[in-house]
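Overview (structure and organization)
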Amino acid sequence: MPSKVAGTKIEAYRRGVLLFLRQGENMITGFIGMGNMGFALMKGLLKQKEPQTLLFSCKRREHGHAVSEKTGVPFLEENVEVAKRADLILLAVKPIVYREVLQEIVPVIRENQMVVSLAPGITISDLSEQLKGFRRIVRAMPNTPAMISEGATGIACDWQLFTAEEREEVNRLFSGVGRVFQVEERLMNAVTVVSGSSPALVYELIDTLADAALRYGMKKSDALQMAAQAVLGSARMVLESGEHPAVLRDRVCSPGGTTIEEMAALAESGFRASVLKGAEACYQACKGKA
Ligand SMILES: NC(=O)c1ccc[n+]([C@@H]2O[C@H](COP(=O)([O-])OP(=O)(O)OC[C@H]3O[C@@H](n4cnc5c(N)ncnc54)[C@H](OP(=O)(O)O)[C@@H]3O)[C@@H](O)[C@H]2O)c1
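Residues numbered from 1 in each chain as written. Predicted model: local features only at pLDDT ≥ 70, side-chain atom pairs only at ≥ 80, totals over all residues.

Near the ligand you find 28 residues, and of these Gly-33, Gly-35, Met-37, Lys-59 and Arg-60 are the closest. Going through the elements one at a time, α2 (36–46) and α5 (98–105) are the ones with two or more residues in the shell around the ligand. Broken down by element, the residue count for the shell around the ligand peaks at three residues, all from α2. Per-class residue counts for the shell around the ligand are 14 nonpolar, ten polar and four charged. (Near = placed C-beta within 6 Å. Helix = DSSP H or I, 4+ residues; strand = E, 2+ residues; numbered from the N terminus. Nonpolar A, V, L, I, M, F, W, Y, C, P; charged D, E, K, R; others polar.)

Turning our eyes to something else, we now look at the domain arrangement of the protein chain. Each assigned domain of the protein chain is listed here: domain 1 (2–186) and domain 2 (196–288). Distance from the C-alpha centre of domain 1 to the C-alpha centre of domain 2: 36 Å. Residue composition of the side of domain 1 that touches domain 2, grouped by class: three nonpolar, three polar and no charged. (Domains from an automatic or database assignment.)

The next subject is the sheet that holds strand β7 (residues 178–182). Taken in spatial order, the seven strands of this open sheet run β2-β1-β3-β4-β5-β6-β7, and their pairing is mixed. Because the sheet does not close on itself, it has two edges, and the strands there are β2 (54–57) and β7. The mean angle between the axes of side-by-side strands here comes to 25 degrees, regardless of whether they run parallel or antiparallel. Bridge count for strand β1 (residues 29–32) against β2 is four bridges, and the pairing is parallel. Following the sheet pairing, Thr-29 is matched in β2 by Leu-54. Here α2 sits on the sheet in contact with β1, β2 and β3 (88–91), set at roughly 170 degrees to β2. (Pairing = 2+ DSSP bridges. Axes fitted to C-alpha atoms, helices over the stretch in contact; angles between N-to-C directions. Contact = placed C-beta atoms within 7 Å.)

A few words now on the environment of Gly-133. Topologically, Gly-133 is positioned in the loop between α6 (124–130) and β5 (137–141). Assessed through the 7 C-beta atoms surrounding it within 10 Å, Gly-133 is described here as exposed. Expressed as a C-alpha distance, the spacing of Gly-133 and Ala-164, which sit 31 residues apart in the sequence, is 23 Å. (Buried ≥ 20, exposed ≤ 12 C-beta atoms within 10 Å, placed from the backbone.)

To continue, consider the packing of helix α9 (residues 198–215) against helix α10 (residues 220–241). Where α9 contacts α10, the two axes come as close as 8 Å, and the packing angle between them is 135 degrees. When the interaxial angle is binned, α9 and α10 end up oblique. Along this stretch, α9 crosses α10, giving a crossing that reads as right-handed. Judged by residue contacts, Val-202, Leu-205, Ile-206, Leu-209, Ala-210, Ala-213 and Leu-214 of α9 engage Lys-220, Ala-223, Leu-224, Ala-227, Ala-228 and Val-231 from α10. Tallied by class, the residues present in the contact of α9 with α10 amount to twelve nonpolar, no polar and one charged. (Parallel < 35°, antiparallel > 145°, perpendicular 65-115°, else oblique. Left-handed = near helix turned anticlockwise from the far one by under 90°.)

Next up on the list: the environment of Ala-40. Following the sequence through the fold, Ala-40 ends up in helix α2. Each C-alpha atom, one on Ala-40 and one on Ala-146, is 6.0 Å from the other, the two residues being 106 residues apart in sequence. Sequence-distant contacts of Ala-40, defined by excluding residues within four places in its chain, comprise Ala-146, Met-147 and Val-177.

Membership of the largest hydrophobic core comes to 50 residues, with the highest contact counts inside it found for Leu-41, Phe-56, Leu-91, Ala-92 and Val-116. The element that contributes the greatest number of residues to this core is α2, accounting for six residues. Look past the residues within four positions of Val-116 in its chain and what remains in contact with it is Leu-88, Leu-90, Leu-91, Val-138, Ala-140, Val-170 and Leu-173. (Core = buried A, V, L, I, M, F, W, Y, C linked by C-beta atoms within 7 Å.)

Another aspect to go through is the environment of Phe-75. Take Phe-75: it is sitting in the loop between α3 (61–71) and α4 (79–85). A tally of 20 C-beta atoms within 10 Å means that Phe-75 is categorised as buried. A C-alpha to C-alpha distance of 23 Å links Phe-75 and Thr-144, two positions 69 residues apart in sequence. Apart from the residues lying within four places of it in its own chain, the contact partners of Phe-75 are Phe-56, Gly-64, His-65, Val-67 and Ser-68.

Our next topic: the pairing of β2. Side chains of β2 alternate between two faces, with Leu-54 and Phe-56 and Leu-55 and Ser-57 buried alike. With respect to chirality, the unit in which β1 leads through α2 into the neighbouring parallel β2 is right-handed. (Right-handed = clockwise from strand over helix to strand, strands pointing away.)

Put into structure tokens, the structure is as follows:
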């Protein structure tokens, strides 16, 4: 009798350890889609986890095999196989193929899995409906600077539906490629404006500034380097000084100087109005995807 009790305890302990390992660093993360975002997030995870704890599928087999060879992460030819084996399923396909992919995986989804969506505008409740009432869904919006570990990701979900280890796993996925901001789901389209899409606006600014310098005789390649460094330095000033950008801007503007002339001309030509208009178009486009 005592040995049976001891045996039962050992078995329970073993099960506990196995569960812990499965929920911790060995939790399996499956990527469906291996493009810009999928690959950036995979690279971030590989800094923290073994390749055997990841899996992925994508459309082109040759691309899948090439990524697998480079990273050691198993490539599976069928999305449904990724969905069967992963604890966390990351949907890293373009929004236009979401419906098709969700239809493929819905028959094999289990209650104890997690689904992470990167699609702008597609709500948790839309996804849940397409997944026949499955609720353990995280909505995230990263941006391409994730490729160099400088991403900004907004995340929304009902955290109560996840264990502490699962929350940690979601956090690991995005903190491996930059900063993570937890937000309410109603703000996710605003996150797309300020994070997901905003690198395009910043690149436009860098290119336009460099074109201006080109007009005044500088080589475009030099001007691009200088403009990019100015944007990088200014962004770091905002983050590291904790000062409001308007305060930092005013410090660049000397009385009667050159910069205040530039600011006045930008105000006249509607710089802020242009940025707000672009942001509004992005926001409305997110709503249109619902
Ligand atoms: N890029 C951004 O700036 C950004 C920012 C924030 C959020 N997002 C979101 O992140 C998600 C992925 O975007 P992305 O930029 O990484 O797209 P992407 O570079 O075009 O990659 C899409 C991936 O999906 C794969 N794919 C296409 N159809 C598939 C299918 N039926 N089954 C499995 N895989 C399929 C493609 O396979 P192949 O490689 O074989 O063609 C490719 O690997 C989207 O929801 C997007 O809105 C993107």
